[in-house]
Amino acid sequence: MSQPHSFPLIIGIGNEYRGDDAAGLIVARRLKELLADSAIVIEHNGDGAALMEAWRGAETVIIIDAMMSGVAPGTIHRFDASAQPLPKSSFRCSTHAFSVAGAIELARALCELPRSLIVYGIEGKNFAAGIGLSSDVERAVGEAVRLALKEA
Amino acid sequence: MKTGTIKVDYLARVEGEGALYIKVKGGKVDDVRLRIFEPPRFFEAFLRGRHYSEAPDITSRICGICPVAYQMSAVHAMEDAFGVEVDGQLRALRRLVYCGEWIESHSLHIFMLHAPDFLGYEDAFEMAKDHRAVVERGLRLKKAGNEIMALLGGREIHPINVRVGGFYKLPASRELLGLAEALKRARDEALETVRWTATLDFPDFEQDYEFVALSHPDEYPFNEGRITSNKGLDIAPSEFDEHVIEEQAPYSNALHAMLKGRGAYLAGPMARYSLNFDKLSALAQQAAREAGLSSECRNPFRSVIVRSVEVLYACDEALRIIDEYEAPDRAAVEIVPRAGVGYGCTEAPRGLLYHRYRIDEQGLITDAKIVPPTSQNQKRIEADLRQFVPHYLDLPKEQLTRRCEQAVRNYDPCISCATHFLRLEIERE
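For the structure given in this document, a descriptive report is provided here. (Residues numbered from 1 in each chain as written. Chains lettered and ligands numbered in written order. Predicted model: local features only at pLDDT ≥ 70, side-chain atom pairs only at ≥ 80, totals over all residues.)

Examining unusual backbone geometry
Residue and element names in this part refer to chain A. Not every positive phi belongs to a glycine, and C111 is a case in point at roughly 55°. Note that C111 resides in the loop between α3 (100–109) and β5 (116–123). Judged by the 8 C-beta atoms lying within 10 Å of it, C111 is exposed. (Helix = DSSP H or I, 4+ residues; strand = E, 2+ residues; numbered from the N terminus. Buried ≥ 20, exposed ≤ 12 C-beta atoms within 10 Å, placed from the backbone.)

Quick word on the interface of chain A and chain B
If you look at the interface, chain A gives 14 residues, while chain B gives 21 residues. Looking at the side of chain A that touches chain B, the elements that each hand over two or more residues are α2 (48–54) and α3 of chain A. Sorting elements by how many residues they give to the side of chain A that touches chain B places α3(A) first, with four residues. Classifying every residue of the side of chain A that touches chain B by side-chain character gives seven nonpolar, four polar and three charged. (Contact = placed C-beta atoms within 7 Å. Nonpolar A, V, L, I, M, F, W, Y, C, P; charged D, E, K, R; others polar.)

Quick look at the sheet that holds strand β4 (residues 76–80) of chain A
Residues and elements named next belong to chain A. Judged by pairing direction, the sheet is mixed, and its five strands sit side by side in the order β2-β1-β3-β5-β4 without closing on themselves. Looking at strand neighbours, the two that pair on one side only are β2 (40–44) and β4, the edges of this open sheet. Averaged over all neighbouring strand pairs, the angle between strand axes comes to 20°, with direction disregarded. Looking at chain direction, β4 and β5 are connected through five bridges and run antiparallel. Along β5, the bridge assignment pairs H77 with G121. Helix α4 (residues 135–151) contacts β1 (9–13), β3 (60–67), β4 and β5 of the sheet and is inclined by roughly 165° relative to β5. (Pairing = 2+ DSSP bridges. Axes fitted to C-alpha atoms, helices over the stretch in contact; angles between N-to-C directions.)

Some remarks on the environment of V24(B)
Tracing the sequence through the fold places V24(B) in strand β2 (residues 18–25). In the structure, V24(B) is positioned 19 residues away from T5(B) in sequence and 6.0 Å away in space, judged by C-alpha atoms.

With respect to the sheet that holds strand β13 (residues 365–371) of chain B
Through backbone hydrogen bonds, the strands of a sheet pair up, either in parallel or in antiparallel fashion. Residue and element names in this part refer to chain B. Pairing in this open sheet of three strands is antiparallel, and the strands run β11-β12-β13 from one edge to the other. The open sheet has two edge strands with one neighbour each: β11 (340–348) and β13. Averaged over all pairs of adjacent strands, the angle between strand axes in this sheet comes to 15°, irrespective of strand direction. Strand direction decides the pairing type here: strand β12 (residues 351–359) and β13, joined by six bridges, are antiparallel. Its bridge partner being in β13, Y357 is matched across the sheet by A368. Helix α3 (residues 67–82) rests against β11 and β12 of the sheet, and its axis sits at about 150° to β11. Along the sheet, helix α12 (residues 373–388) contacts β11, β12 and β13; its crossing angle with β12, the most-contacted strand, is approximately 130°.

Okay, here's the thing in C-alpha coordinates:
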(Lines give C-alpha, C1' and ligand atoms only; values in the text may rest on other atoms or scores of the structure.)
Protein backbone atom coordinates (compact mmCIF):
# COMPACT_ATOMS: atom_id res chain seq x y z
CA MET A 1 0.00 0.00 0.00
CA SER A 2 1.40 3.38 -0.98
CA GLN A 3 0.19 6.67 0.37
CA PRO A 4 1.37 10.22 0.42
CA HIS A 5 3.80 10.58 3.27
CA SER A 6 1.85 13.40 4.83
CA PHE A 7 -0.73 10.72 5.82
CA PRO A 8 0.37 8.42 8.58
CA LEU A 9 -0.66 4.76 8.37
CA ILE A 10 -2.26 3.37 11.51
CA ILE A 11 -2.51 -0.41 11.85
CA GLY A 12 -4.60 -2.03 14.55
CA ILE A 13 -3.64 -5.68 15.00
CA GLY A 14 -5.52 -8.49 16.67
CA ASN A 15 -7.96 -11.33 16.68
CA GLU A 16 -11.53 -10.34 17.32
CA TYR A 17 -12.34 -13.71 18.84
CA ARG A 18 -9.55 -13.98 21.41
CA GLY A 19 -10.63 -11.65 24.20
CA ASP A 20 -8.17 -8.82 24.85
CA ASP A 21 -6.30 -9.62 21.66
CA ALA A 22 -8.96 -7.50 19.90
CA ALA A 23 -7.70 -4.31 21.63
CA GLY A 24 -5.64 -3.13 18.63
CA LEU A 25 -8.60 -3.62 16.30
CA ILE A 26 -10.92 -1.62 18.53
CA VAL A 27 -8.44 1.26 18.82
CA ALA A 28 -8.17 1.26 15.01
CA ARG A 29 -11.96 1.44 14.61
CA ARG A 30 -12.21 4.47 16.88
CA LEU A 31 -9.26 6.18 15.18
CA LYS A 32 -10.80 5.56 11.78
CA GLU A 33 -13.79 7.67 12.75
CA LEU A 34 -11.65 10.41 14.26
CA LEU A 35 -8.98 10.59 11.56
CA ALA A 36 -11.03 9.96 8.43
CA ASP A 37 -9.35 12.80 6.52
CA SER A 38 -5.87 12.77 7.95
CA ALA A 39 -4.70 9.16 8.25
CA ILE A 40 -5.10 5.76 6.70
CA VAL A 41 -6.36 3.36 9.33
CA ILE A 42 -6.49 -0.40 8.75
CA GLU A 43 -7.30 -3.48 10.79
CA HIS A 44 -4.88 -6.39 10.45
CA ASN A 45 -4.62 -10.00 11.60
CA GLY A 46 -0.89 -9.66 12.33
CA ASP A 47 0.50 -12.05 9.72
CA GLY A 48 4.12 -10.87 9.37
CA ALA A 49 4.47 -11.09 5.59
CA ALA A 50 1.15 -9.36 4.98
CA LEU A 51 2.07 -6.68 7.51
CA MET A 52 5.27 -5.90 5.59
CA GLU A 53 3.16 -5.53 2.46
CA ALA A 54 0.70 -3.31 4.27
CA TRP A 55 3.31 -0.72 5.34
CA ARG A 56 5.33 -0.84 2.10
CA GLY A 57 5.81 2.76 0.89
CA ALA A 58 4.55 4.35 4.11
CA GLU A 59 6.91 6.71 5.91
CA THR A 60 5.07 7.06 9.20
CA VAL A 61 3.43 4.02 10.72
CA ILE A 62 1.72 3.58 14.07
CA ILE A 63 0.86 0.05 15.19
CA ILE A 64 -1.44 -0.84 18.05
CA ASP A 65 -1.38 -4.43 19.31
CA ALA A 66 -2.16 -6.33 22.46
CA MET A 67 0.80 -7.73 24.39
CA MET A 68 1.64 -9.81 27.39
CA SER A 69 4.72 -8.87 29.42
CA GLY A 70 3.49 -9.65 32.91
CA VAL A 71 2.71 -6.11 34.08
CA ALA A 72 -0.75 -4.89 35.14
CA PRO A 73 -3.47 -5.43 32.51
CA GLY A 74 -4.31 -2.19 30.70
CA THR A 75 -0.74 -0.83 30.93
CA ILE A 76 0.23 0.89 27.68
CA HIS A 77 3.77 0.54 26.39
CA ARG A 78 5.28 2.71 23.63
CA PHE A 79 8.11 1.39 21.49
CA ASP A 80 10.05 3.25 18.81
CA ALA A 81 10.55 0.25 16.56
CA SER A 82 12.48 2.29 14.00
CA ALA A 83 15.20 2.64 16.64
CA GLN A 84 15.19 -0.76 18.34
CA PRO A 85 13.63 -4.24 18.25
CA LEU A 86 10.42 -5.00 20.13
CA PRO A 87 10.72 -7.29 23.13
CA LYS A 88 9.81 -10.42 21.12
CA SER A 89 8.47 -12.49 23.98
CA SER A 90 5.88 -9.87 24.95
CA PHE A 91 3.96 -9.85 21.71
CA ARG A 92 1.68 -12.76 21.10
CA CYS A 93 3.23 -15.58 19.08
CA SER A 94 1.59 -15.67 15.70
CA THR A 95 0.15 -18.89 14.42
CA HIS A 96 1.51 -17.74 11.10
CA ALA A 97 5.06 -18.49 12.20
CA PHE A 98 6.15 -14.91 12.10
CA SER A 99 4.54 -12.17 14.00
CA VAL A 100 4.64 -8.40 14.47
CA ALA A 101 8.06 -8.38 16.18
CA GLY A 102 9.33 -10.76 13.49
CA ALA A 103 7.98 -8.63 10.67
CA ILE A 104 9.71 -5.56 12.12
CA GLU A 105 13.07 -7.35 12.40
CA LEU A 106 12.76 -8.88 8.95
CA ALA A 107 11.91 -5.48 7.47
CA ARG A 108 14.89 -3.98 9.31
CA ALA A 109 17.23 -6.65 7.84
CA LEU A 110 15.79 -6.05 4.37
CA CYS A 111 15.99 -2.24 4.75
CA GLU A 112 12.22 -2.01 4.32
CA LEU A 113 11.34 -0.48 7.66
CA PRO A 114 9.23 2.68 7.54
CA ARG A 115 11.21 5.78 8.53
CA SER A 116 9.08 6.16 11.62
CA LEU A 117 7.46 3.11 13.23
CA ILE A 118 5.85 3.50 16.63
CA VAL A 119 4.24 0.51 18.33
CA TYR A 120 1.75 0.84 21.14
CA GLY A 121 1.37 -2.34 23.14
CA ILE A 122 -1.68 -2.72 25.35
CA GLU A 123 -1.09 -5.22 28.13
CA GLY A 124 -3.87 -7.83 27.96
CA LYS A 125 -5.23 -10.16 30.57
CA ASN A 126 -7.46 -12.67 28.87
CA PHE A 127 -6.53 -14.17 25.50
CA ALA A 128 -8.91 -17.13 25.65
CA ALA A 129 -11.44 -17.82 22.90
CA GLY A 130 -14.40 -15.46 23.09
CA ILE A 131 -15.50 -11.92 22.33
CA GLY A 132 -15.07 -8.93 24.64
CA LEU A 133 -12.31 -6.98 26.39
CA SER A 134 -11.58 -7.23 30.09
CA SER A 135 -12.41 -4.03 31.98
CA ASP A 136 -8.78 -2.87 32.44
CA VAL A 137 -8.13 -3.26 28.74
CA GLU A 138 -11.41 -1.55 27.82
CA ARG A 139 -10.23 1.49 29.81
CA ALA A 140 -6.77 1.34 28.18
CA VAL A 141 -8.33 1.43 24.71
CA GLY A 142 -9.53 5.01 25.31
CA GLU A 143 -6.08 6.06 26.50
CA ALA A 144 -4.39 4.36 23.52
CA VAL A 145 -6.71 6.27 21.17
CA ARG A 146 -5.72 9.54 22.85
CA LEU A 147 -1.98 8.70 22.62
CA ALA A 148 -2.21 7.62 18.99
CA LEU A 149 -4.12 10.81 18.10
CA LYS A 150 -1.29 12.84 19.56
CA GLU A 151 1.24 10.78 17.62
CA ALA A 152 -0.64 10.98 14.30
CA MET B 1 26.49 -37.12 24.71
CA LYS B 2 26.19 -40.75 25.87
CA THR B 3 23.68 -40.30 28.65
CA GLY B 4 21.18 -37.56 29.41
CA THR B 5 18.12 -35.82 28.06
CA ILE B 6 17.56 -33.42 25.23
CA LYS B 7 14.67 -31.12 25.99
CA VAL B 8 13.24 -28.44 23.77
CA ASP B 9 10.48 -26.89 25.82
CA TYR B 10 9.03 -24.80 23.00
CA LEU B 11 9.90 -25.89 19.51
CA ALA B 12 10.47 -22.84 17.35
CA ARG B 13 9.64 -22.44 13.69
CA VAL B 14 6.73 -24.86 13.77
CA GLU B 15 3.05 -24.06 13.76
CA GLY B 16 1.61 -24.23 17.25
CA GLU B 17 2.90 -25.33 20.62
CA GLY B 18 4.89 -28.50 21.07
CA ALA B 19 7.96 -29.96 22.71
CA LEU B 20 10.52 -32.65 22.05
CA TYR B 21 11.82 -35.02 24.69
CA ILE B 22 14.61 -37.52 23.98
CA LYS B 23 16.14 -39.79 26.58
CA VAL B 24 19.60 -41.24 25.95
CA LYS B 25 20.89 -44.05 28.14
CA GLY B 26 24.35 -45.64 27.79
CA GLY B 27 24.82 -44.21 24.30
CA LYS B 28 21.45 -45.49 23.09
CA VAL B 29 18.17 -43.71 22.48
CA ASP B 30 15.80 -44.88 25.20
CA ASP B 31 12.71 -42.76 24.54
CA VAL B 32 11.51 -40.20 22.00
CA ARG B 33 8.37 -38.15 22.58
CA LEU B 34 7.02 -35.48 20.36
CA ARG B 35 4.72 -33.74 22.84
CA ILE B 36 1.94 -31.64 21.56
CA PHE B 37 0.67 -29.52 24.42
CA GLU B 38 -1.32 -26.97 22.52
CA PRO B 39 -4.77 -27.33 24.03
CA PRO B 40 -7.30 -29.59 22.33
CA ARG B 41 -9.46 -27.79 19.79
CA PHE B 42 -12.77 -29.71 19.99
CA PHE B 43 -13.73 -28.86 16.41
CA GLU B 44 -15.34 -32.24 15.81
CA ALA B 45 -17.70 -31.55 18.71
CA PHE B 46 -18.40 -27.94 17.55
CA LEU B 47 -19.61 -29.31 14.25
CA ARG B 48 -22.37 -31.50 15.70
CA GLY B 49 -25.74 -29.90 15.19
CA ARG B 50 -24.44 -27.36 12.64
CA HIS B 51 -25.73 -27.14 9.09
CA TYR B 52 -23.73 -28.97 6.42
CA SER B 53 -23.08 -25.67 4.64
CA GLU B 54 -21.20 -24.32 7.67
CA ALA B 55 -18.54 -27.05 7.71
CA PRO B 56 -16.15 -25.44 5.17
CA ASP B 57 -16.03 -22.14 7.06
CA ILE B 58 -15.92 -23.67 10.55
CA THR B 59 -13.17 -26.16 9.72
CA SER B 60 -11.12 -23.56 7.81
CA ARG B 61 -10.62 -21.93 11.22
CA ILE B 62 -8.59 -24.94 12.37
CA CYS B 63 -5.55 -23.56 10.54
CA GLY B 64 -4.35 -20.12 9.40
CA ILE B 65 -1.82 -21.77 7.06
CA CYS B 66 -3.95 -24.38 5.33
CA PRO B 67 -7.59 -23.21 5.53
CA VAL B 68 -8.20 -24.19 1.89
CA ALA B 69 -7.32 -27.80 2.67
CA TYR B 70 -9.99 -27.90 5.39
CA GLN B 71 -12.54 -26.27 3.12
CA MET B 72 -11.76 -28.69 0.31
CA SER B 73 -11.93 -31.87 2.39
CA ALA B 74 -15.18 -30.58 3.91
CA VAL B 75 -16.90 -29.75 0.61
CA HIS B 76 -15.84 -33.04 -0.97
CA ALA B 77 -17.15 -35.01 2.02
CA MET B 78 -20.51 -33.19 1.88
CA GLU B 79 -20.79 -33.68 -1.88
CA ASP B 80 -19.97 -37.36 -1.36
CA ALA B 81 -22.79 -37.62 1.18
CA PHE B 82 -25.27 -35.94 -1.19
CA GLY B 83 -24.19 -37.75 -4.36
CA VAL B 84 -23.08 -34.55 -6.10
CA GLU B 85 -20.16 -34.26 -8.46
CA VAL B 86 -18.48 -30.91 -9.14
CA ASP B 87 -16.56 -31.04 -12.38
CA GLY B 88 -15.34 -28.92 -15.27
CA GLN B 89 -14.18 -25.39 -14.58
CA LEU B 90 -15.47 -25.36 -11.00
CA ARG B 91 -13.29 -28.37 -10.26
CA ALA B 92 -10.37 -26.61 -12.00
CA LEU B 93 -10.88 -23.49 -9.86
CA ARG B 94 -10.71 -25.67 -6.74
CA ARG B 95 -7.33 -26.92 -7.93
CA LEU B 96 -6.31 -23.32 -8.56
CA VAL B 97 -7.11 -22.12 -5.04
CA TYR B 98 -5.29 -25.19 -3.68
CA CYS B 99 -2.23 -24.20 -5.81
CA GLY B 100 -2.30 -20.85 -3.99
CA GLU B 101 -2.26 -22.52 -0.60
CA TRP B 102 0.62 -24.87 -1.50
CA ILE B 103 2.69 -21.94 -2.85
CA GLU B 104 2.04 -19.85 0.24
CA SER B 105 2.48 -22.59 2.84
CA HIS B 106 5.52 -24.24 1.24
CA SER B 107 7.27 -20.88 0.63
CA LEU B 108 6.81 -19.94 4.26
CA HIS B 109 8.30 -23.25 5.37
CA ILE B 110 11.18 -23.36 2.87
CA PHE B 111 12.43 -19.81 3.43
CA MET B 112 11.28 -18.71 6.87
CA LEU B 113 11.19 -21.95 8.90
CA HIS B 114 13.55 -24.52 7.35
CA ALA B 115 16.29 -22.55 5.53
CA PRO B 116 17.80 -21.11 8.76
CA ASP B 117 18.55 -24.71 9.87
CA PHE B 118 20.56 -25.42 6.74
CA LEU B 119 22.38 -22.08 6.75
CA GLY B 120 23.10 -22.05 10.49
CA TYR B 121 20.95 -19.18 11.72
CA GLU B 122 18.78 -18.84 14.77
CA ASP B 123 15.89 -17.58 12.68
CA ALA B 124 14.95 -16.09 9.33
CA PHE B 125 15.43 -12.56 10.67
CA GLU B 126 19.13 -13.22 11.36
CA MET B 127 19.40 -15.07 8.06
CA ALA B 128 17.92 -12.11 6.16
CA LYS B 129 20.88 -9.90 7.15
CA ASP B 130 23.26 -12.16 5.15
CA HIS B 131 20.89 -13.65 2.59
CA ARG B 132 18.68 -10.76 1.70
CA ALA B 133 17.96 -11.82 -1.89
CA VAL B 134 16.94 -15.32 -0.79
CA VAL B 135 14.48 -14.07 1.83
CA GLU B 136 13.05 -11.47 -0.55
CA ARG B 137 12.45 -14.19 -3.11
CA GLY B 138 10.65 -16.26 -0.49
CA LEU B 139 8.40 -13.36 0.43
CA ARG B 140 7.57 -12.68 -3.22
CA LEU B 141 6.67 -16.33 -3.78
CA LYS B 142 4.50 -16.41 -0.67
CA LYS B 143 2.77 -13.30 -1.92
CA ALA B 144 2.02 -14.93 -5.27
CA GLY B 145 0.27 -17.74 -3.39
CA ASN B 146 -1.60 -15.21 -1.26
CA GLU B 147 -2.86 -13.46 -4.37
CA ILE B 148 -4.45 -16.66 -5.66
CA MET B 149 -6.07 -17.24 -2.26
CA ALA B 150 -7.29 -13.66 -2.09
CA LEU B 151 -8.85 -13.78 -5.56
CA LEU B 152 -10.46 -17.21 -5.35
CA GLY B 153 -11.07 -17.29 -1.61
CA GLY B 154 -12.20 -13.70 -1.12
CA ARG B 155 -9.36 -12.99 1.31
CA GLU B 156 -5.87 -14.37 2.08
CA ILE B 157 -6.49 -16.07 5.41
CA HIS B 158 -9.58 -18.08 6.23
CA PRO B 159 -11.11 -17.67 2.79
CA ILE B 160 -14.86 -17.17 2.66
CA ASN B 161 -15.73 -17.85 -0.97
CA VAL B 162 -15.74 -21.67 -0.97
CA ARG B 163 -19.02 -23.49 -0.59
CA VAL B 164 -20.40 -26.98 -0.92
CA GLY B 165 -21.11 -27.26 -4.66
CA GLY B 166 -18.54 -24.67 -5.79
CA PHE B 167 -18.00 -21.01 -4.99
CA TYR B 168 -20.12 -18.03 -3.92
CA LYS B 169 -18.57 -15.77 -6.57
CA LEU B 170 -16.59 -16.61 -9.67
CA PRO B 171 -13.43 -14.68 -10.57
CA ALA B 172 -13.57 -12.44 -13.64
CA SER B 173 -11.41 -13.57 -16.54
CA ARG B 174 -9.45 -10.31 -16.45
CA GLU B 175 -8.69 -10.88 -12.76
CA LEU B 176 -7.30 -14.31 -13.61
CA LEU B 177 -5.20 -12.82 -16.40
CA GLY B 178 -3.74 -10.33 -13.92
CA LEU B 179 -2.90 -13.24 -11.66
CA ALA B 180 -1.17 -15.02 -14.56
CA GLU B 181 1.35 -12.22 -14.96
CA ALA B 182 2.37 -12.49 -11.31
CA LEU B 183 2.44 -16.29 -11.57
CA LYS B 184 4.82 -16.26 -14.54
CA ARG B 185 7.33 -14.32 -12.44
CA ALA B 186 6.65 -16.64 -9.51
CA ARG B 187 7.31 -19.70 -11.69
CA ASP B 188 10.74 -18.33 -12.66
CA GLU B 189 11.50 -17.67 -8.99
CA ALA B 190 10.23 -21.13 -8.03
CA LEU B 191 12.65 -22.66 -10.53
CA GLU B 192 15.49 -20.63 -8.99
CA THR B 193 14.36 -21.87 -5.59
CA VAL B 194 14.61 -25.54 -6.64
CA ARG B 195 18.16 -24.87 -7.86
CA TRP B 196 19.00 -23.05 -4.63
CA THR B 197 17.65 -25.74 -2.28
CA ALA B 198 19.74 -28.29 -4.20
CA THR B 199 22.91 -26.47 -3.05
CA LEU B 200 22.13 -26.96 0.65
CA ASP B 201 23.97 -29.61 2.74
CA PHE B 202 21.99 -32.72 3.56
CA PRO B 203 22.89 -35.41 6.06
CA ASP B 204 22.94 -38.93 4.63
CA PHE B 205 19.72 -40.25 6.17
CA GLU B 206 17.41 -42.41 4.08
CA GLN B 207 14.54 -44.33 5.64
CA ASP B 208 12.29 -47.13 4.44
CA TYR B 209 8.99 -45.24 4.57
CA GLU B 210 5.52 -46.37 3.81
CA PHE B 211 4.49 -43.31 1.83
CA VAL B 212 0.76 -42.59 1.85
CA ALA B 213 -0.82 -40.06 -0.51
CA LEU B 214 -3.64 -39.63 -2.94
CA SER B 215 -3.01 -40.87 -6.45
CA HIS B 216 -5.05 -39.98 -9.51
CA PRO B 217 -4.67 -41.47 -12.99
CA ASP B 218 -4.40 -38.12 -14.76
CA GLU B 219 -3.07 -35.51 -12.38
CA TYR B 220 -0.77 -34.67 -9.48
CA PRO B 221 -3.17 -34.97 -6.53
CA PHE B 222 -4.95 -32.09 -4.86
CA ASN B 223 -8.64 -32.83 -4.47
CA GLU B 224 -9.27 -36.29 -5.69
CA GLY B 225 -7.83 -39.77 -5.90
CA ARG B 226 -7.43 -43.08 -4.16
CA ILE B 227 -5.38 -43.36 -1.01
CA THR B 228 -2.30 -45.32 -2.05
CA SER B 229 1.07 -46.33 -0.67
CA ASN B 230 4.36 -47.69 -2.02
CA LYS B 231 3.65 -50.86 -0.02
CA GLY B 232 0.37 -51.91 -1.55
CA LEU B 233 -2.29 -49.75 0.10
CA ASP B 234 -4.93 -48.78 -2.46
CA ILE B 235 -8.25 -47.70 -0.92
CA ALA B 236 -11.07 -45.26 -1.46
CA PRO B 237 -11.38 -42.34 1.02
CA SER B 238 -14.48 -44.10 2.41
CA GLU B 239 -12.26 -46.99 3.55
CA PHE B 240 -9.88 -44.74 5.58
CA ASP B 241 -11.41 -45.67 8.96
CA GLU B 242 -11.03 -49.37 8.23
CA HIS B 243 -7.30 -49.03 7.57
CA VAL B 244 -6.11 -46.20 9.78
CA ILE B 245 -6.34 -46.40 13.55
CA GLU B 246 -5.77 -43.50 15.90
CA GLU B 247 -4.43 -44.02 19.37
CA GLN B 248 -3.85 -41.68 22.22
CA ALA B 249 -0.33 -41.13 23.60
CA PRO B 250 -0.55 -39.96 27.23
CA TYR B 251 2.09 -37.21 26.66
CA SER B 252 0.43 -35.61 23.66
CA ASN B 253 -2.79 -33.76 22.86
CA ALA B 254 -2.69 -35.15 19.32
CA LEU B 255 -3.81 -38.60 18.37
CA HIS B 256 -1.21 -40.88 16.74
CA ALA B 257 -2.41 -42.44 13.50
CA MET B 258 -1.07 -45.66 12.05
CA LEU B 259 -1.97 -48.20 9.44
CA LYS B 260 -3.73 -51.18 10.93
CA GLY B 261 -1.31 -54.09 11.27
CA ARG B 262 1.53 -52.09 9.64
CA GLY B 263 2.34 -49.18 11.92
CA ALA B 264 3.71 -45.72 11.20
CA TYR B 265 3.51 -44.16 7.75
CA LEU B 266 4.45 -40.88 6.13
CA ALA B 267 2.08 -38.43 4.47
CA GLY B 268 3.06 -35.11 2.90
CA PRO B 269 5.24 -33.73 0.10
CA MET B 270 7.76 -36.64 0.06
CA ALA B 271 4.94 -39.20 -0.13
CA ARG B 272 3.03 -37.27 -2.79
CA TYR B 273 6.18 -36.76 -4.84
CA SER B 274 7.39 -40.35 -4.56
CA LEU B 275 3.98 -41.81 -5.48
CA ASN B 276 3.15 -39.32 -8.23
CA PHE B 277 6.42 -38.15 -9.78
CA ASP B 278 5.23 -38.99 -13.29
CA LYS B 279 2.20 -36.70 -12.86
CA LEU B 280 4.31 -33.58 -12.25
CA SER B 281 4.58 -31.15 -15.14
CA ALA B 282 7.57 -31.63 -17.47
CA LEU B 283 9.16 -28.46 -16.06
CA ALA B 284 8.85 -29.68 -12.45
CA GLN B 285 10.16 -33.16 -13.32
CA GLN B 286 13.16 -31.71 -15.12
CA ALA B 287 13.93 -29.29 -12.28
CA ALA B 288 13.72 -32.14 -9.76
CA ARG B 289 16.13 -34.27 -11.80
CA GLU B 290 18.55 -31.37 -12.18
CA ALA B 291 18.37 -30.82 -8.42
CA GLY B 292 19.63 -34.37 -7.91
CA LEU B 293 16.35 -36.04 -6.94
CA SER B 294 15.27 -39.35 -8.43
CA SER B 295 11.59 -40.16 -8.83
CA GLU B 296 11.49 -41.09 -5.13
CA CYS B 297 12.86 -39.16 -2.13
CA ARG B 298 13.54 -41.05 1.12
CA ASN B 299 15.77 -38.50 2.87
CA PRO B 300 13.48 -36.26 4.94
CA PHE B 301 16.11 -33.46 4.98
CA ARG B 302 15.72 -33.26 1.22
CA SER B 303 12.03 -32.57 1.68
CA VAL B 304 12.99 -28.90 1.32
CA ILE B 305 13.85 -29.65 -2.34
CA VAL B 306 10.62 -31.60 -2.77
CA ARG B 307 8.60 -28.68 -1.40
CA SER B 308 10.32 -26.32 -3.81
CA VAL B 309 9.49 -28.71 -6.69
CA GLU B 310 5.87 -28.66 -5.56
CA VAL B 311 5.89 -24.85 -5.49
CA LEU B 312 7.19 -24.89 -9.07
CA TYR B 313 4.51 -27.39 -10.04
CA ALA B 314 1.78 -25.37 -8.36
CA CYS B 315 2.83 -22.23 -10.29
CA ASP B 316 2.90 -24.23 -13.52
CA GLU B 317 -0.46 -25.88 -12.82
CA ALA B 318 -2.07 -22.58 -11.81
CA LEU B 319 -0.94 -21.04 -15.12
CA ARG B 320 -2.33 -24.02 -17.04
CA ILE B 321 -5.69 -23.71 -15.30
CA ILE B 322 -5.88 -19.96 -15.97
CA ASP B 323 -4.87 -20.49 -19.59
CA GLU B 324 -7.66 -23.03 -20.14
CA TYR B 325 -10.29 -21.18 -18.10
CA GLU B 326 -13.70 -20.51 -19.53
CA ALA B 327 -16.20 -19.03 -17.11
CA PRO B 328 -18.82 -21.64 -16.12
CA ASP B 329 -22.49 -20.65 -16.31
CA ARG B 330 -22.96 -20.83 -12.55
CA ALA B 331 -20.75 -20.44 -9.48
CA ALA B 332 -22.01 -23.60 -7.76
CA VAL B 333 -24.02 -26.69 -8.56
CA GLU B 334 -27.31 -27.13 -6.76
CA ILE B 335 -27.20 -29.08 -3.53
CA VAL B 336 -30.07 -31.12 -2.18
CA PRO B 337 -29.07 -32.48 1.20
CA ARG B 338 -30.00 -36.01 2.20
CA ALA B 339 -29.23 -38.20 5.17
CA GLY B 340 -26.02 -40.18 4.90
CA VAL B 341 -22.30 -40.34 5.49
CA GLY B 342 -19.75 -38.52 3.32
CA TYR B 343 -15.98 -38.90 3.07
CA GLY B 344 -13.46 -36.34 1.80
CA CYS B 345 -9.70 -36.72 1.40
CA THR B 346 -7.56 -34.01 -0.14
CA GLU B 347 -3.84 -33.16 -0.14
CA ALA B 348 -3.13 -30.36 2.32
CA PRO B 349 0.38 -28.84 1.97
CA ARG B 350 1.49 -31.17 4.81
CA GLY B 351 -0.29 -34.24 3.47
CA LEU B 352 -3.49 -36.21 3.49
CA LEU B 353 -6.42 -34.52 5.25
CA TYR B 354 -9.40 -36.76 5.98
CA HIS B 355 -12.93 -35.57 6.84
CA ARG B 356 -15.98 -37.74 7.51
CA TYR B 357 -19.44 -36.37 8.27
CA ARG B 358 -22.75 -37.99 9.12
CA ILE B 359 -25.66 -35.81 8.02
CA ASP B 360 -29.36 -36.12 8.94
CA GLU B 361 -32.43 -35.46 6.77
CA GLN B 362 -32.41 -31.75 7.72
CA GLY B 363 -28.86 -31.37 6.48
CA LEU B 364 -27.48 -31.12 10.03
CA ILE B 365 -24.16 -32.68 11.04
CA THR B 366 -24.65 -35.43 13.61
CA ASP B 367 -21.07 -36.67 13.70
CA ALA B 368 -17.71 -35.44 12.37
CA LYS B 369 -14.23 -36.87 12.19
CA ILE B 370 -11.12 -34.96 11.05
CA VAL B 371 -7.65 -36.51 10.74
CA PRO B 372 -4.98 -33.91 9.84
CA PRO B 373 -1.60 -34.77 8.30
CA THR B 374 0.49 -33.97 11.39
CA SER B 375 -1.42 -36.57 13.45
CA GLN B 376 -0.67 -39.09 10.77
CA ASN B 377 3.04 -38.22 10.72
CA GLN B 378 3.64 -37.94 14.45
CA LYS B 379 4.56 -41.56 15.01
CA ARG B 380 6.80 -41.55 11.95
CA ILE B 381 8.61 -38.39 13.15
CA GLU B 382 9.38 -40.13 16.43
CA ALA B 383 10.56 -43.25 14.58
CA ASP B 384 12.89 -41.12 12.44
CA LEU B 385 14.37 -39.44 15.50
CA ARG B 386 15.09 -42.85 17.05
CA GLN B 387 17.11 -43.68 13.93
CA PHE B 388 18.67 -40.25 13.55
CA VAL B 389 19.89 -39.40 17.06
CA PRO B 390 22.33 -42.34 17.50
CA HIS B 391 24.40 -41.05 14.57
CA TYR B 392 24.96 -37.74 16.32
CA LEU B 393 25.51 -38.69 19.96
CA ASP B 394 29.13 -37.48 19.72
CA LEU B 395 27.92 -33.94 19.20
CA PRO B 396 27.81 -31.49 22.12
CA LYS B 397 24.29 -31.25 23.58
CA GLU B 398 23.53 -27.87 22.06
CA GLN B 399 24.44 -28.99 18.53
CA LEU B 400 22.58 -32.27 18.97
CA THR B 401 19.49 -30.39 20.08
CA ARG B 402 19.66 -28.15 17.01
CA ARG B 403 20.00 -31.20 14.77
CA CYS B 404 16.92 -32.77 16.37
CA GLU B 405 14.88 -29.61 15.93
CA GLN B 406 15.90 -29.48 12.28
CA ALA B 407 14.84 -33.12 11.91
CA VAL B 408 11.39 -32.30 13.32
CA ARG B 409 11.03 -29.34 10.98
CA ASN B 410 11.66 -31.68 8.02
CA TYR B 411 8.00 -32.60 8.39
CA ASP B 412 6.68 -29.04 8.70
CA PRO B 413 4.45 -30.18 11.56
CA CYS B 414 1.32 -28.15 12.03
CA ILE B 415 0.63 -28.53 15.71
CA SER B 416 -2.40 -26.28 15.74
CA CYS B 417 -4.01 -28.63 13.24
CA ALA B 418 -3.03 -31.78 15.06
CA THR B 419 -4.35 -30.96 18.46
CA HIS B 420 -6.57 -33.02 19.64
CA PHE B 421 -0.66 -31.70 19.63
CA LEU B 422 6.14 -29.35 19.90
CA ARG B 423 9.00 -28.40 23.06
CA LEU B 424 12.63 -30.86 22.74
CA GLU B 425 13.81 -32.65 25.80
CA ILE B 426 16.73 -35.12 25.61
CA GLU B 427 17.31 -36.93 28.88
CA ARG B 428 20.48 -38.99 29.56
CA GLU B 429 20.77 -41.45 32.34
